[in-house]
Amino acid sequence: MSFTSLLSIAIGAILVNNFILSQFLGICPFMGVSRKMDTALGMGAAVTFVMGVASAVTYAVNLLLVKLGLGYMQTVAYILVIAALVQFIEMFLQKAMPALYSALGIYLPLITTNCAVLGVALQNTQNGYNFIESVVYGITGGLGFTLAIFLFASVRERLDSSSECPTCFEGFPLALISAGLIALAFMGFQGLKVF
């Protein structure tokens, strides 16, 4: 494991294989919490934390399951680990940051069912990453999620203040078109080769 391989994993997770814009995982919080930049950053930070810790914990869980011959239980075990982590985050935000907790609303518990979080755990296993590579992939995958949701929130804030949009496109239709255009821009990174 070298620095260049970790850098390659990081750039791949943030830009090339962005969970939202390239793999289309985690769309529910992406569309639901992206109306304001501050709530988008809060959701991005929570998802990044959960992805990083889930990557570390699911690596150990996977080793245990394989040792016991229960490799077929990976998905169920990963979902239980992610659910426990999200409950911890939810209790922490409720006590420490009640404004962010109320701003995120129903989308905070939905991190449990966020397929991007489960996707990072499963892809760590499928790619055969070691512990350090798994944690790097989890954290940088969360940073890519944060980048995408923050960019989209800034576009949506700007569009909400614009009066030049036809009425038939106001609201969700224009948000979907904007998300598609941002995804097209990120698809330009597909040809990027790192080291």
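Residues numbered from 1 in each chain as written. Predicted model: local features only at pLDDT ≥ 70, side-chain atom pairs only at ≥ 80, totals over all residues. Heavy atoms only, no water.

This brings us to the overall build of the protein. Along the protein, the regular secondary structure elements total eight helices and zero strands. Starting at the N terminus and ending at the C terminus, the protein contains elements arranged as α-α-α-α-α-α-α-α. A compact globule built from 195 residues would reach a C-alpha radius of gyration of about 16 Å, and the protein, at 17 Å, matches this within 12%. For the protein, the residues scored as buried account for 43% of the 195 residues in total. Here the analysis covers contacts within the protein between residues at least 6 apart in sequence; of these, 79% occur between residues at least 24 apart. Working note: accessible area of the protein is about 10,000 Å², and carbon and sulfur atoms make up 70% of it. Between the centroid of the 7 positive side chains of the protein and the centroid of its 7 negative side chains there is a distance of 8 Å. (Helix = DSSP H or I, 4+ residues; strand = E, 2+ residues; numbered from the N terminus. Rg over C-alpha atoms; globule rule 2.2 N^0.38 Å. Buried < 20%, exposed > 50% of the residue type's maximum accessible area, 1.4 Å probe, protein only. Contact = heavy atoms within 4.5 Å. Areas by Shrake-Rupley, 256 points an atom, 1.4 Å probe, with all protein chains shown as cover. Lys, Arg positive; Asp, Glu negative; His and termini not counted. Charge placed at Lys NZ, Arg CZ, Asp CG, Glu CD.)

It helps to recall that an α-helix has 3.6 residues per turn; residues three or four apart then point in one direction. For helix α4 (residues 74-96), built from 23 residues, the straight-helix expectation of 33 Å at 1.5 Å per residue is met to within 8% by its first-to-last C-alpha distance of 33 Å. Buried within α4 are the following residues: Gln74, Ala77, Tyr78, Val81, Ile82, Leu85, Val86, Ile89, Glu90 and Leu93. In this structure, the buried residues of α4 make contact with α3 (37-67), α5 (98-104) and α6 (115-127). (Expected span 1.5 Å × (residues − 1).)

Here the focus is the packing of aromatic side chains. Inspection of the entire model under this criterion finds five aromatic pairs. In textbook terms, an aromatic cluster arises when at least three aromatic residues are bridged by ring pairs, as seen for Phe19, Tyr129 and Tyr137. (Phe/Tyr/Trp six-rings, centres within 6.5 Å; stacked < 30°, edge-to-face > 60°.)

Moving on: a nonpolar patch on the surface. A cluster of nonpolar side chains, Tyr72, Met73, Val76 and Leu80, forms an exposed patch at the surface whose accessible area comes to about 440 Å². The residue Tyr72 is located in the loop between α3 and α4 in this model. (Patch = residues over 30% accessible without salt bridge, like charges linked within 9 Å, V, L, I, M, F, W, Y side chains within 5 Å. Salt bridge = Lys/Arg side-chain N within 4 Å of Asp/Glu carboxyl O.)

A few words on the side chain of Asn62. Residue placement: Asn62 occurs in helix α3. Classification of Asn62 by relative accessible area gives buried; the value is 13%.

The next point concerns the nonpolar core. Ranked by size, the top nonpolar core spans 46 residues in total, and within it Leu21, Phe30, Met43, Ile111 and Val117 carry the most contacts. By residue number, the principal contributor to this core is α3, which donates nine residues. In contact with Ile111, other than residues within four places in its own chain, are Met43, Ala46, Val47, Val50, Ile82, Val86 and Val117. (Core = buried A, V, L, I, M, F, W, Y, C linked by side-chain atoms within 4.5 Å.)

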